[in-house]
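An overview of the molecular structure
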Amino acid sequence: MLGDLTMARRHGHAPLPPDSSFPRRPSHESFGKGHAPARGLLATVLAAVKGVLQTTVCTIRRPKESCSSLRRFYKQFKGGATRLWADGRVAWRHRKLDERDRCRLLDWRTARIARRAPWEVLHVLWLVFNPMPPPLGFFCIAAAYRWPRMLLSPQFHEPEQKARFARDDDRQRAEARAMLRGGQLASALVAASLCVNDEAALRAQFRGPLAWSRFDARDRAALLMLADPAPRCCPCSVLSSRRLAARAAELREDDQLLRPALLSLKSAELHACAAERALVVDAAGDAALRMALERWLDMRARVGAAPDHAPFVLALLADAGGG
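Residues numbered from 1 in each chain as written. Predicted model: local features only at pLDDT ≥ 70, side-chain atom pairs only at ≥ 80, totals over all residues. Heavy atoms only, no water.

A closer look at the packing of aromatic side chains
- Overall, the coordinates contain two aromatic pairs when judged by the stated rule.
- Ring centres of phenylalanine 77 and phenylalanine 156 lie 5.6 Å apart, and the angle between their planes is 40°; this geometry places the pair in the tilted category. Here phenylalanine 156 lies in the loop between α9 (148-151) and α10 (159-181) and phenylalanine 77 lies in helix α4 (residues 63-93), a separation of 79 residues in the sequence.
- On the basis of relative accessibility, which here comes to 0%, the residue phenylalanine 156 falls in the buried class. (Phe/Tyr/Trp six-rings, centres within 6.5 Å; stacked < 30°, edge-to-face > 60°. Helix = DSSP H or I, 4+ residues; strand = E, 2+ residues; numbered from the N terminus. Buried < 20%, exposed > 50% of the residue type's maximum accessible area, 1.4 Å probe, protein only.)

Some thoughts on the pattern of salt bridges
- Throughout the structure, instances matching the rule amount to 20 salt bridges.
- Notably, a salt bridge pairs arginine 115 with aspartate 254, separated by 3.3 Å at the nearest N-O pair. Of this pair, arginine 115 sits in helix α6 (residues 108-123) while aspartate 254 sits in helix α14 (residues 237-261), and the two are 139 residues apart along the sequence.
- A residue is classified by how much of its surface remains accessible, and arginine 115, at 11% relative accessible area, is buried.
- With a closest N to O distance of 2.6 Å, glutamate 250 and arginine 116 form a salt bridge. Pair noted here: glutamate 250 is in helix α14 and arginine 116 is in helix α6, with a separation of 134 residues, a long-range link.
- What makes arginine 116 partly exposed here is its relative accessible area of 23%.
- Salt bridges sharing common partners tie together Arg102, Arg112, Arg115, Arg116, Arg247, Glu250, Glu253, Asp254, Asp255, Glu276, Arg277 and Arg300. (Salt bridge = Lys/Arg side-chain N within 4 Å of Asp/Glu carboxyl O.)

Set out below in structure tokens:
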């Protein structure tokens, strides 16, 4: 240490910190929270700026120690960009097809990609075409990997992150179910669960006790959490209603192609379909997931042209009535 201090004084700079004090890049466990921290916005921005500056300085001063973490993040970014580019090409190839043509000409997987890829490309366009020069461009990358759920598309998520996001969604959906079943519409949900096999009675429930006007602000927020528990930057009521309508329209198209594809879906795809419809499947295995999805599709067909909130209320009825 004395020799380091002597050489530093001769050259006019302080010695480099030891390896134990070298500020390292945060791991994926710290990046994968998805939600913003509870502290103030200014403190969060200042902490992000400080971390990026420390990472930039230490990368320049100790490039060998920083190469391993940078290669890992570059590999993740490259893999996500490759998958997004492939999905974008599929969407571009079928860009002229509307909802009816996609249901008539495409299979379930291709129609799903063609429907979602354009929005996913727009979601990360600010990161792919980063206008800020280095090292300022690291701010965008650090923000994206600090809040990957809000700022990155699913193509950039690693398997561990996807599993963690799925667990978070299940926990929030469970809270939303408890809130709806314990609210003012508890008796209406119980009564509707007794007539899930009666088409006329089920439709009458959504025109009466389970109409959208009967849901108060608390129940509407819980229903939106049941439909889409992903964190949102602006959870205002107007955008929440539009997001619920968008999710209902997406499920309406997806349901038309799901039944013919049920036997060919993989286990991960079955879990994703059940999660998107807020279904709770107690039994394990792909057969139980297929049976739950078939039962939900039958209920969806009985409701017919229902309001936007009906598909997610059906998930509560399916849990209570069992089809």
